[in-house]
Amino acid sequence: GGVLHLLVNMVTLWSFGRAIIHRIGWPEFLSIYLLTAVGGAVCYALLGRNDAPMVGASGALFGLAGVWICWSYLELRLLGRSTSNILRVLLYLVLYNLVFWFLLQGRLAWETHLGGFLAGWCYGWLRGRPEKLSRKRRDEEA
């Protein structure tokens, strides 16, 4: 993937990782990271071209994004607020993948991104704690 790929992945891991660890701690973070990495790899194996290698931790990183976005969605719904920003973020992620797929002439493992994101969203939906997170956020806003 190259140095730029590694740098982007590390910045993303630092950003999402710190925020998620702050909310749930190391053990659950590691389970999310591993689950979403596997989700990305499985989706790539099912949908990807066999001759294109999968490089990097992008599936797990998109998984962390999936968890975070799902929690945000659940919190907004719990608070009765609009979730239109969530749709915008999802659209951005689709556009991001499309643009880079074209720029990289089809050598983007979008299947890995999709699988990781879906695994993260499912994890966030099933294990999310929007009530606790929202209560904490309401307390911080007061």
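It should be emphasised that the depicted structure is a prediction, and the values quoted were computed from it without experimental measurement.

S.K.: Teacher, can you tell me more about the overall build of the protein chain here?
M.R.: Helix and strand content of the protein chain: six helices and zero strands. Listing every helix and strand of the protein chain by position from the N terminus yields α-α-α-α-α-α. For the protein chain, the proportion of its 142 residues judged to be buried stands at 38%. Surface exposure of the protein chain reaches about 8,900 Å², of which carbon and sulfur atoms provide 68%.

S.K.: Teacher, can you tell me more about the side chain of His-113 here?
M.R.: Counting through the fold element by element, His-113 comes out in helix H5 (residues 110-127). Of note is the side chain of His-113, whose polar atom sits 2.5 Å from the side chain of Asn-97.

S.K.: I would appreciate a short explanation of the packing of aromatic side chains in the present structure.
M.R.: For any pair of aromatic rings, geometry is given as the distance between the ring centres together with the angle between the planes. Considering all chains together, one arrives at nine aromatic pairs under this definition. Taking the centre distance of 6.1 Å and the plane angle of 35 degrees together, the rings of Phe-29 and Tyr-33 count as tilted. A residue pair is termed a helical-turn pair when its members lie 3 or 4 positions apart in one helix, as Phe-29 and Tyr-33 do in helix H2 (residues 26-47) at four residues. For Phe-29, a relative accessible area of 6% puts it in the buried group.

S.K.: Explain the pattern of salt bridges here, please?
M.R.: Close approach of charged atoms lets side chains of opposite charge pair. Summed over all chains, the structure comprises two salt bridges. In this structure, the salt-bridge partner of Arg-23 is Glu-75, at a minimum N-O distance of 2.9 Å. Of this pair, Arg-23 sits in helix H1 (residues 2-24) while Glu-75 sits in helix H3 (residues 58-78); the two residues are 52 residues apart in sequence, bridging distant segments of the chain. Judged by relative accessible area, which is 21%, Arg-23 ranks as partly exposed. Here Glu-75 falls in the buried class, since its relative accessible area comes to 2%. With a shortest N-O distance of 3.8 Å, Arg-127 and Glu-28 are connected by a salt bridge. Here Arg-127, found in helix H5, pairs with Glu-28, found in helix H2; they are 99 residues apart in sequence, far enough to count as distant. Residue class for Arg-127 comes out partly exposed when judged on its relative accessible area of 46%.

S.K.: Sorry if this is basic, but what is going on with unusual backbone geometry here?
M.R.: What is expected of a backbone is that most residues other than glycine have negative phi and most peptide bonds are trans. With a phi close to 55 degrees, Gln-105 is a non-glycine residue in the positive phi region. By relative accessible area, Gln-105 is classed as exposed at 65%.

S.K.: I keep staring at H5 and nothing clicks. Help me out?
M.R.: Every α-helix winds through 3.6 residues per turn, so residues three or four apart in the chain are directed the same way. Between its first and last C-alpha atoms H5 spans 25 Å; for 18 residues at 1.5 Å apiece the expected length is 26 Å, and the two agree. Of the positions making up H5, those classed as buried are Glu-111, Thr-112, His-113, Gly-115, Gly-116, Phe-117, Ala-119, Gly-120, Tyr-123 and Gly-124. Where H5 is buried, its residues contact H2, H3 and helix H4 (84-103).

Definitions and cut-offs
Residues numbered from 1 in each chain as written. Predicted model: local features only at pLDDT ≥ 70, side-chain atom pairs only at ≥ 80, totals over all residues. Heavy atoms only, no water. Helix = DSSP H or I, 4+ residues; strand = E, 2+ residues; numbered from the N terminus. Buried < 20%, exposed > 50% of the residue type's maximum accessible area, 1.4 Å probe, protein only. Areas by Shrake-Rupley, 256 points an atom, 1.4 Å probe, with all protein chains shown as cover. Polar contact = N/O pair within 3.5 Å; in protein donor to acceptor, adjacent residues only side chain to side chain. Phe/Tyr/Trp six-rings, centres within 6.5 Å; stacked < 30°, edge-to-face > 60°. Salt bridge = Lys/Arg side-chain N within 4 Å of Asp/Glu carboxyl O. Expected span 1.5 Å × (residues − 1). Contact = heavy atoms within 4.5 Å.

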